[in-house]
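Remarks on the overall topology
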2 protein chains.
Amino acid sequence: MKLSKMHLKTLREVPNEAEIASHILLVRTGMIKKLVSGVYGFMPLGWRSIRKIEEIIRQEMDAKGAQEIHMSAVQPAELWMESGRWFKYGPELWRLKDRNGRDFCLGPTHEEIFTDIVRNDVNSYRQLPLNLYQIQTKYRDEARPRFGLMRSREFIMKDSYSFDKTYEDLDKSYDDMYDAYEKVFTRCGLTFRPVEADTGAIGGSNSHEFTALSEVGESEIAYCEKCNMAATTEKALCVDAAASKAAELPLEEVHTPGTKTIEEVSAFLNMDQTQTLKALLFVTYDDNGNDNGYVAAFVRGDRELNMIKLVNALNIPEHAIGFADEAKMSEATGCVGGFTGPVGLHDCKIVVDSEIPGLKNLCAGACKADYHLKNVNYGRDYSADIVADIKMLKAGDPCPVCGAPVKHARGIEVGQVFKLGTKYSESMGAYYKDENQKDQLIVMGCYGIGVTRTLAAIVEQHHDENGIIWPVSVAPYHVIITLLSPEDEIQARIAEDIYRQLASAGVEVLLDDRKERPGVKFKDADLIGIPVRITVGRGAAEGKVEYKLRRESDKEEISPEEAIAKAITIINEEK
Amino acid sequence: MKLSKMHLKTLREVPNEAEIASHILLVRTGMIKKLVSGVYGFMPLGWRSIRKIEEIIRQEMDAKGAQEIHMSAVQPAELWMESGRWFKYGPELWRLKDRNGRDFCLGPTHEEIFTDIVRNDVNSYRQLPLNLYQIQTKYRDEARPRFGLMRSREFIMKDSYSFDKTYEDLDKSYDDMYDAYEKVFTRCGLTFRPVEADTGAIGGSNSHEFTALSEVGESEIAYCEKCNMAATTEKALCVDAAASKAAELPLEEVHTPGTKTIEEVSAFLNMDQTQTLKALLFVTYDDNGNDNGYVAAFVRGDRELNMIKLVNALNIPEHAIGFADEAKMSEATGCVGGFTGPVGLHDCKIVVDSEIPGLKNLCAGACKADYHLKNVNYGRDYSADIVADIKMLKAGDPCPVCGAPVKHARGIEVGQVFKLGTKYSESMGAYYKDENQKDQLIVMGCYGIGVTRTLAAIVEQHHDENGIIWPVSVAPYHVIITLLSPEDEIQARIAEDIYRQLASAGVEVLLDDRKERPGVKFKDADLIGIPVRITVGRGAAEGKVEYKLRRESDKEEISPEEAIAKAITIINEEK
């Protein structure tokens, strides 16, 4: 393609709201275009890269025997009611009505639809296993869309669903997809780590998240360098220290005026934070969004509460809980902002972290303004409705597998695989007849790749201060010929000649024949990040062009033939 | 692909609601699957054919220098308000709100979005011409979805938009697209006719519809075998006969008890229907759906009213008019059901067909039960608010171009091209700076292909009583190897060998290795319509297989090598 004919609008300025490199660069290169908050369109270069990612996914899915289909984005509420998710899913589910008032949603995921297909089509064990996938536009009505393609409301996903006779067969399907995902992300040029993850709104027993490592990622992962443990911090189990053998001291009320935080009270009492109890106060909601009871969660003072573990312990969806209104909760439960402890609380579900019962003589709020209690002991002074691991695994904590200190990293979730088991086949009645003509539940798995988010993750990992540095496999074009003086006959002829030869060798090539200054052309070539640049300038008269890889700083003055040969070689090796 | 591994669920029964061949066959082959009324999913075979149609479109669009992009399906109301279509579009526009109550629609078309892109990105005449396209899911909340993919609520379209400096350049862009469309539909194996069409809700000055000829099509076209005239009957102009020179006779009231229809009154009075005046009564609606005045339309008794011409004459959108409630209208305007004529009507817009003023002494209702008026004459006895061509061009009427009698045919609208001119650039402010730095309006065109509807049209034109007969270019697979006895070692080996050789020659091949009776396999092969069938049966032991084209009844007993060679030849010629 010639740039003079292409719709390319690069921006020199950084868009106001863009905070991270991928967002800034995808907008500055004109590859994506914001329509409204969280809704983007893809312009020619961006769409080419998306289509390449899709093709890589397609090849790896097909290689595993998965079959591509394409289901509707608009889904009837009835199916979501059958699975029970119509009410459970929360406000991210973008709901709408048709002209007859019938309820629909714009699918954020397709478990219901695929289960419906299979319960209708599959009768016999001979039709299993089956893996169906689609690459399709999905919707999530995010409260705070941000970071460009990272968290948008309309996005492209590959989602696939496996259907097996047994859990052993599911393991095989799951491993196949795990393997396919490793290949996909490797081919996309990503540095990533598969980590154990929570199953969230999708449900099921096991899950791995594929996390592209990046400081700007919203996933926090914990991993161990000694063993293979790697999990999202939401999921990572914590090892509780051995129970303290200390004698239980008598409860003692102390005046601690104005010490509303753990930092303040521990400083005031000259006490380590590990000897304190931190309270977090929540209200839960029913399906209609009305208050449905209070929850007080307690973790050791130096710990962070893990919300995912908390909602799992409570067995409620994430959106069914929020921070409590202090005044209202105080009236109902006796809690006192900044001075809440488990002793004296009433009419409230108490959830206590699993390490707390083993700790002795903690300092907690006295449920009385400006007072704390010292020597609070679980069992003697209070009990809990639920005792569970509800804390975050910190960097340096012992690895739950081998005990070595864990490390933390951040990353972007680009894919996730789930063992659903029979969650959906049970609620929606998806059976097959086994060899003995007996009905058996179909065992399911589901597997997602965020296609548009993968694009963003690639840019996060492949850029410098001048722009994107596309891996060849997903570059919108392979080679850009920067023709410095289009009006110079020799330069124009040589550039055109290189262009034709590369194109006929199957190389995807751009020719920058615009009437722009060389500086503008070099800046644009760097910004849009085409892997190979061949510059045709004054040297053309002496049969020389400049050959440069975007990812390297070296340049070479070589003949057009050599440049063509080098470009073809590297493209064929890496595409 | 081996059929034993493929998700294929064919149906022997005809689905209840399916009335036309494409709907019946696409469902029976399991290529499409209904989710709810007007919403379909595509199963493996169906999706492969869709992707082939998309690829043909892509190639022909790219060949014209059009550039593929991908915009969001969800569109903010604000842009539709700018163009004025938010209120004009009617209930087919599927509207929704996000969690913050902001209005959106699911785009049925993308004029607003593309105009918005271009007004932001294009400054200079040097950036034009430009043609951007996308292949994308579109929505129309149809009142009566039917005929499977023909009229569905979620469907796939290719839509493209051209942006030019001048109307002359638009002509060139339009001709390019017209040419690309002819190539696309030809490659898809369709028999079609481009016809002049009304511009409808899209607007603009000129339009052609690409109509795949089919008795079940919803488009009616008029064409002339003598000249090149071809138009939808909605659009086709009528030639009015020369004005009658007859003397105007005196108005005469006649008692015509019970003669409510033109047939009845003309029989009762022993009068030709061409000597009568037919009344059609309507009510119009404002943007809020409230009654907005009555309309009485009059055409010659033997004519059919053309609703599109009527709404164009009234300059209102199609959904802003409906049949009147007779009792209410009677009270307001003096009309009398079955006996309404233009004389005596009041408080009502009167629209008279253009040929009426030239006709003399017509018989019309007297606005009085059981009475008609004879010798009603325009000008003398009544006048109209609007005189315009509002009649349907009948088969046999003179061609508006050459005067020869026109013919009628039915067809399926698979594509439409529009010269929009400056309709959207004016309302949305899309300008470019010309050579003298002066702002000029961008001149636009838009061009659509119904991808999913094209699939249905192909099936309508390519099937027999046993199933679909895919043209090679859009067949989900090229060849099916029907292995009659998979447990027979020789048969299995030969079938496998043919399968491998064809696949390595780039032929897309299915191997029916299922444990099914031969009858089932033959029936399925015919039903899903794979162009070439190679049957491996008992003859295999003597080195013979059966070679058969789906579209022909002849079979040949030949060697596997010959069968492979013949298959490769025909696929390469026709794919």
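All values reported here derive from a predicted model rather than from experimental measurement.

Residue and element names in this part refer to chain B. Across the interface, helix α12 (residues 489–504) lies against helix α14 (residues 560–574) with an axial gap of 10 Å and an inter-helix angle of 30°. Relative to α14, the element α12 lies roughly parallel. The chirality of how α12 crosses α14 is right-handed. In this structure, α12 contributes I494, I498, Q501 and L502 to the contact, and α14 contributes P560, I564, A567 and I568. Residue classes in the contact of α12 with α14 are distributed as seven nonpolar, one polar and no charged.

Another aspect to go through is the domain arrangement of chain A. A common measure of how large an interface is: the accessible area buried when the components associate. Split into domains, chain A comes out as domain 1 (21–218 + 408–460), domain 2 (252–388) and domain 3 (477–574). For domain 2 of chain A versus domain 3 of chain A, the distance between C-alpha centres works out to 65 Å.

The next thing to look at is the relation of the copies chain B and chain A. At an RMSD of 0.1 Å, chain B and chain A line up after a rotation of 180° and a shift of 0.1 Å along the axis. Taken together, the turn and the small shift mark the pair as related by a two-fold rotation axis. For chain B, the minimum C-alpha distance to the rotation axis belongs to L96(B) and amounts to 2.7 Å. The residues that chain B uses at the interface reappear at the interface of chain A in 100% of cases, marking a shared surface.

Before going further, it helps to spend a moment on helix α2 (residues 44–63) of chain B. Residues and elements named next belong to chain B. Between its first and last C-alpha atoms α2 spans 29 Å; for 20 residues at 1.5 Å apiece the expected length is 28 Å, and the two agree. Burial runs high along α2: 14 of the 20 residues are buried. Looking one or two places after α2, you find G65, whose phi comes out positive at around 80°.

All names here are of chain B. Viewed as axis vectors pointing N to C, helix α1 (residues 21–28) and helix α11 (residues 451–461) meet at an angle of 105°, and their least axial separation amounts to 8 Å. One finds that α1 runs roughly perpendicular with respect to α11. Between α1 and α11, the contacting residues are A21, S22, L25 and L26 on the first element and L455, A456, V459 and E460 on the second. Here the contact of α1 with α11 is composed, by residue class, of six nonpolar, one polar and one charged.

Definitions and cut-offs
- Residues numbered from 1 in each chain as written.
- Chains lettered and ligands numbered in written order.
- Predicted model: local features only at pLDDT ≥ 70, side-chain atom pairs only at ≥ 80, totals over all residues.
- Heavy atoms only, no water.
- Axes fitted to C-alpha atoms, helices over the stretch in contact; angles between N-to-C directions.
- Helix = DSSP H or I, 4+ residues; strand = E, 2+ residues; numbered from the N terminus.
- Parallel < 35°, antiparallel > 145°, perpendicular 65-115°, else oblique.
- Left-handed = near helix turned anticlockwise from the far one by under 90°.
- Contact = heavy atoms within 4.5 Å.
- Nonpolar A, V, L, I, M, F, W, Y, C, P; charged D, E, K, R; others polar.
- Domains from an automatic or database assignment.
- Least-squares fit on C-alpha atoms with pLDDT ≥ 70 in both.
- Expected span 1.5 Å × (residues − 1).
- Buried < 20%, exposed > 50% of the residue type's maximum accessible area, 1.4 Å probe, protein only.

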